[in-house]
Structures are given as structure tokens and as C-alpha cells.
Amino acid sequence: MFDEDGSLDPLLKFLLYAVIALAVGKMLWEWLTEDVGQWIIGDLWGLIADHPWWTGLIVAGGLPVLLLLVRILSFLFGANTYADADDMFVAPSGDAIEADVLTFKMKQLSSMSATGFEQACTDLLARDGFRRPRRVGGAGDLGVDITARDDEDRLLIAQCKQYQSTVGSGHLQKFNGTARPHHGADLPIMIALNGFTQPAIDFAQHHQLILMGRPELKRWAHDEHLYDVLGIQGAAQ
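Residues numbered from 1 in each chain as written. Predicted model: local features only at pLDDT ≥ 70, side-chain atom pairs only at ≥ 80, totals over all residues. Heavy atoms only, no water.

### Digging into the overall build of the protein chain
Then, number 1: Along the protein chain, the regular secondary structure elements total nine helices and five strands.
Then, number 2: Ordering the α and β elements of the protein chain from the N terminus gives α-α-α-α-α-β-β-β-α-β-α-β-α-α.
Then, number 3: For the protein chain, with 237 residues in total, the buried portion stands at 35%.
Then, number 4: Sequence-distant contacts, at least 24 apart, represent 59% of the contacts inside the protein chain between residues at least 6 apart. (Helix = DSSP H or I, 4+ residues; strand = E, 2+ residues; numbered from the N terminus. Buried < 20%, exposed > 50% of the residue type's maximum accessible area, 1.4 Å probe, protein only. Contact = heavy atoms within 4.5 Å.)

### Quick word on the pattern of salt bridges
Then, number 1: Under the criterion given, the structure shown has eight salt bridges.
Then, number 2: With a closest N to O distance of 3.0 Å, Arg127 and Asp128 form a salt bridge.
Then, number 3: Residue classification places Asp128 among the buried residues on the basis of a relative accessible area of 6%.
Then, number 4: Put simply, Asp153 and Arg131 hold a salt bridge, and the shortest N to O gap is 2.9 Å. A residue pair is termed long-range when its members are at least 10 positions apart, and Asp153 in the loop between strand E2 (146–149) and strand E3 (155–161) and Arg131 in strand E1 (residues 131–135) qualify at 22 residues.
Then, number 5: In this structure, a network of salt bridges that share partners links the residues Arg127, Asp128 and Asp223. (Salt bridge = Lys/Arg side-chain N within 4 Å of Asp/Glu carboxyl O.)

### Focus: the pairing of strand E4 (residues 187–192)
Then, number 1: Of all six residues in E4, six are buried; the element is thus mostly enclosed.
Then, number 2: Where E3 lies against E4, six bridges are found, and the strand directions are parallel. Among the inter-strand pairings, Lys161 is bridged to a residue of E4, identified as Ala192.
Then, number 3: On the question of chirality, the crossover connecting E3 to the parallel E4 by way of helix H6 (residues 169–179) is right-handed.
Then, number 4: Once you follow E4 into helix H7 (residues 198–207) and on to strand E5 (residues 210–212), the crossover reads as right-handed. (Pairing = 2+ DSSP bridges. Right-handed = clockwise from strand over helix to strand, strands pointing away.)

### Quick word on the confidence of the model for the protein chain
Segments scoring low in pLDDT should not have their predicted coordinates read at a detailed level.
Then, number 1: Averaged over all residues, the pLDDT of the protein chain is 79; the fraction at 70 or higher stands at 63%.
Then, number 2: Across residues 86–99, where pLDDT falls below 50, the model places 20 contacts with residues more than four positions away in sequence or in other chains. (pLDDT = per-residue confidence, 0-100.)

### So, helix H8 (residues 214–221)
Then, number 1: Buried within H8 are the following residues: Leu217, Trp220 and Ala221. Down the axis of H8, the sector holding all buried residues measures 95 degrees, keeping them to one side.
Then, number 2: As for H8, its buried residues are in contact with helix H4 (106–111), helix H5 (114–127), E4, E5 and helix H9 (226–230).
Then, number 3: Of the residues flanking the end of H8, it is Asp223, one or two places downstream, whose phi is positive at about 100 degrees. (Arc of directions from axis to C-beta.)

### Structural notes on the packing of H5 against H8
Then, number 1: The geometry of H5 relative to H8 is characterised by a closest axis approach of 11 Å and an angle of 55 degrees between their N-to-C directions. Classified by the angle between their axes, H5 and H8 sit oblique to one another. In this structure, the crossing between H5 and H8 has a hand that is left-handed. In this structure, H5 contributes Phe117, Cys121, Leu124, Leu125 and Arg127 to the contact, and H8 contributes Leu217, Trp220 and Ala221.
Then, number 2: Along the lines of polarity and charge, the residues of the contact of H5 with H8 split into seven nonpolar, no polar and one charged. (Axes fitted to C-alpha atoms, helices over the stretch in contact; angles between N-to-C directions. Parallel < 35°, antiparallel > 145°, perpendicular 65-115°, else oblique. Left-handed = near helix turned anticlockwise from the far one by under 90°. Nonpolar A, V, L, I, M, F, W, Y, C, P; charged D, E, K, R; others polar.)

Have a look at this one:
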């Protein structure tokens, strides 16, 4: 009934509003006319009985239309403002970010583009007080999507994976090959929207790579500081 962010499922919300609207309409109709019972029992039921196939087609066709309408409304009102991060202005120091109010719901993060997801993570770093957070991901990025520094001048290198499936160990191996040797990362972090496979987790533990799966990402997006979520000492606050 409720999604992982605690809000009512959009389809159920739409159906609830539809039931309320029908109830109000029914009361108005009964107030305006006394023939509503005859209309339902006689005319409407007679129409269904005389044209069962057409009725079935209308109902079957109406359900996909209803679901499409719900998805359109969810897209329009779901604050999917990170759909195309390449067209966004990125403040080098994060000064333009409302640092004390920025949060995301998981369904928002799931609906973003890949670059939008990277930008959202960059903005969350700015919210947490990291210095010079930048989204640098793209072709030839050598495993780097985001760079930032904390108050102790430690370099954070992050790679973001907005995959619908779990991230495997192959991606961790590539990240491990560039994060520290090539980029000099003090804190190499991989962020995965839908978590990691067990071999990937084992590889990360062996090579001291920091993983942020879906539960940790949810806490971070819901306003917990990155270091509190990951258990890292020396939060940049």
C-alpha cells in the first residue's frame, strides 16, 4: 500500500480519489433526480447485457489508459527535475544548494536519467558540506562520476550505478583499478541504486572500497549525513 518512502502508492491514491469523486457524484445525482436507481438497474445493466463484448473491450482498454494516466501524473508531479543534468548549471562550491532542505525520495532517484542520478548525488554532497563537489562522469572518465573533498582535505571519488539490477564484482574490479592508483582517492565510494551482489561485496571488503547500497542511499537521500550513513569518522559538517 505504501512505498518505501512512506507515501501512498500513486495508483491506490488515484483509485481512492476516484472512489471519493464517484461517491460525491452519486449523492449529487440522487439529490438532482430520483431516477438513479432505475438508471443503474435498468439502463446501465441493460446496456451491459445487450453488449457484453463491447463492455469487456471498454473495461479492458480502460485499465491500461488508467495506468498510463497515473504514470503521467506521477512523472509530472514527482519532481523529476534531474531528468537531464547536462543542461543544468552546477555550482562549483555547491553554494546554490539549499543545504538544509535537500532530500530525495527513492522513486525520484529511480526515475532520473543516469546523469541526473549523478547530479543528485553531487548535490547531496554539497548539502552535507563537502568542498568543491563536481559531477565529472562521462566518456573516458576512468571510473569517476563525482569528486569532492571533506574538511580534512580527503579526496572522495564516487562512481554512481543507477542499474535496475545489482552491481557485480566486475564493476568493482574496474573501479578499484583506477580510484586509488590513478585518481588518488582517499575515500573510493561506489553508489548503487539497487545494491551489490555478494561477490562484489566480498571484493570491496578485501580491497577496502566503500559501498553504498539501496538502504544506505535511502538514509542519505532522506537527510542523513553521508559519513553517518557509512560510519566514516570525521564528518564534513
